[in-house]
Amino acid sequence: MSTATPDTLPPLDQLVPVARRLPPDPREETLAALYADEEPRRGACTVRANMVASLDGAAWGADGRSGSLNDAADWRVFRVLRALADVVLVGAGTARAEGYRALDRPRGLEHLRPAPLELAVVTRSGRVPERLRVGDRPPFVLTGSDGAAPARAAVPAERVVVVGPGGDLDLVAGLAELARRGLRRVLAEGGPSLLGDLLAADLVDELCVTTTPRVVGPGPGRIVAGPRPDAAAENHAGTVLPRDARLVHLLHAPQDRDDSPAGTTLARWSLPIG
C-alpha cells in the first residue's frame with residue numbers, strides 16, 4: 001500500500017489520446033474531468049471496475065493482497081475514482097483480505113461529490129467481514145435468500161439486499177436495487193471472482209487497470225476469475241466473451257520515487273455491450 005499523502009502525490013503523463021503533463025493538484029479538477037462518468041448504457045447504473053496488476057499479470061502480491069502491488073501513482077487515480085463514485089462494490093473475500101472499513105470521501109476531494117460514499121458487499125453466504133459489523137455506517141449487503149439471515153444478524157435489515165433464490169445472487173437485480181436507492185455510479189473494486197461475474201453478466205461499462213512495474217512470479221491469479229468464457233456465455237444469454245474493448249485514455253508515471261517507481265501505467269477501457 002502506498003504511503004503517499006495528498007500533499008506528496010506524483011505527476012502523471014497522459015499519453016493517449018493527447019500528450020500532456022498532469023501535475024499534482026490538491027483538488028484534482030483535471031483528473032476528475034478526465035474520468036468523468038459516461039451516461040448509463042446497460043441499465044440504471046454505470047459500473048466502473050478498477051483493478052491493479054503486476055507487470056507479469058499477478059492480481060495480488062506475496063501477502064495475498066492487491067494493496068501490496070499499488071503505488072503512489074495508482075493511489076492518485078484511486079482517490080479520484082472513489083471521489084466520483086456513489087458506492088464501492090466489493091466481494092466479501094476481498095473486503096476481508098484487504099481490511100475494508102466504512103468509507104469516506106478521500107480527504108480534499110469531498111467537493112467532487114458531496115454525498116456520503118457507500119459500500120456494498122457481495123456475499124452468497126451472507127457472512128460479513130468482522131470489521132464491517134461495527135460502527136454507525138454499515139455496508140449494504142447483496143446476497144441470496146440463503147444468506148439473508150446471516151446478513152441481517154450482521155447489519156441492520158434495511159441494509160440487506162436479497163436478490164436471488166437460495167445460494168444464487170442476481171447482480172442485475174442487485175445493481176437495480178442500489179440505483180433505486182440513488183447509488184447509480186458504481187465503482188467495483190474486485191476481487192477477481194466478482195469482476196468475472198460482472199463481466200459474464202455484461203454489467204461492466206469501464207475497466208480501469210493499473211499495471212505496476214513489479215514482477216511477482218508464479219502463484220497469484222489474474223484480475224479476473226471464474227468459468228471459461230464459453231461456459232459464461234452459456235449461462236448468460238446474449239453475453240459474448242471474449243470481446244474487444246476501446247482505450248479511452250492512458251496515463252503513465254514518469255518519475256522514479258521511493259514509493260512509486262517510474263513506469264506504472266493506468267489505462268481506462270470502455271467495454272461495448274456484449
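Structure shown above.
Conventions we followed
- Residues numbered from 1 in each chain as written.
- Predicted model: local features only at pLDDT ≥ 70, side-chain atom pairs only at ≥ 80, totals over all residues.
- Heavy atoms only, no water.
- Helix = DSSP H or I, 4+ residues; strand = E, 2+ residues; numbered from the N terminus.
- Polar contact = N/O pair within 3.5 Å; in protein donor to acceptor, adjacent residues only side chain to side chain.
- Salt bridge = Lys/Arg side-chain N within 4 Å of Asp/Glu carboxyl O.
- Buried < 20%, exposed > 50% of the residue type's maximum accessible area, 1.4 Å probe, protein only.
- Pairing = 2+ DSSP bridges.
- Right-handed = clockwise from strand over helix to strand, strands pointing away.

Caption draft 1: Summary view of the side chain of Glu-206. Note on placement: Glu-206 falls in strand β9 (residues 206-212). For Glu-206, the side chain forms a polar contact with the side chain of Arg-48, separated by 2.8 Å.

Caption draft 2: Quick look at the pattern of salt bridges. If you walk through the whole model with that rule in mind, you get 25 salt bridges. In this structure, Arg-21 engages Asp-13 in a salt bridge whose closest nitrogen and oxygen atoms are separated by 2.2 Å. Owing to a relative accessible area of 44%, Arg-21 belongs among the partly exposed residues under this scheme. When its relative accessible area of 15% is taken as the criterion, Asp-13 is described as buried. A salt bridge links Arg-42 to Asp-205; the nearest nitrogen and oxygen atoms lie 2.9 Å apart. Within this pair, whereas Arg-42 is found in the loop between α1 (29-34) and β3 (46-54), its partner Asp-205 is found in the loop between α6 (192-200) and β9, the two being separated by 163 residues in sequence. Side by side, Arg-42 and Asp-205 carry an identical accessibility label, which is buried. Each member of the salt-bridge network shares a partner with another, and the members are Asp-37, Arg-48, Asp-86, Arg-113, Arg-185, Glu-206 and Arg-268.

Caption draft 3: Seen up close, the pairing of β9. Of all 7 residues in β9, 6 are buried; the element is thus mostly enclosed. Pairing of β3 with β9, which is carried by 7 bridges, proceeds in the parallel orientation. Bridging from a neighbouring strand, Asn-50 pairs with Cys-208 of β9. Of the pairings in the sheet, the one linking β9 to strand β11 (residues 265-270) comprises 6 bridges and is antiparallel in character. Looking at β11, one finds that Thr-211 is bridged to Thr-265.

Caption draft 4: Just the pairing of strand β5 (residues 118-122), in detail. Among the 5 residues that make up β5, 5 are buried, leaving the element largely enclosed by the rest of the structure. Here β5 shows no split at all, with Glu-118, Ala-120 and Val-122 on one side and Leu-119 and Val-121 on the other all buried. In the sheet, strand β4 (residues 87-91) pairs with β5 via 5 bridges, with the strands oriented parallel. From the neighbouring strand, Leu-89 faces β5, where its bridge partner is Ala-120. After leaving β4, the chain enters helix α3 (residues 92-98) and then returns to the sheet as β5, a path that is right-handed. Strand direction decides the pairing type here: β5 and strand β6 (residues 140-143), joined by 3 bridges, are parallel.

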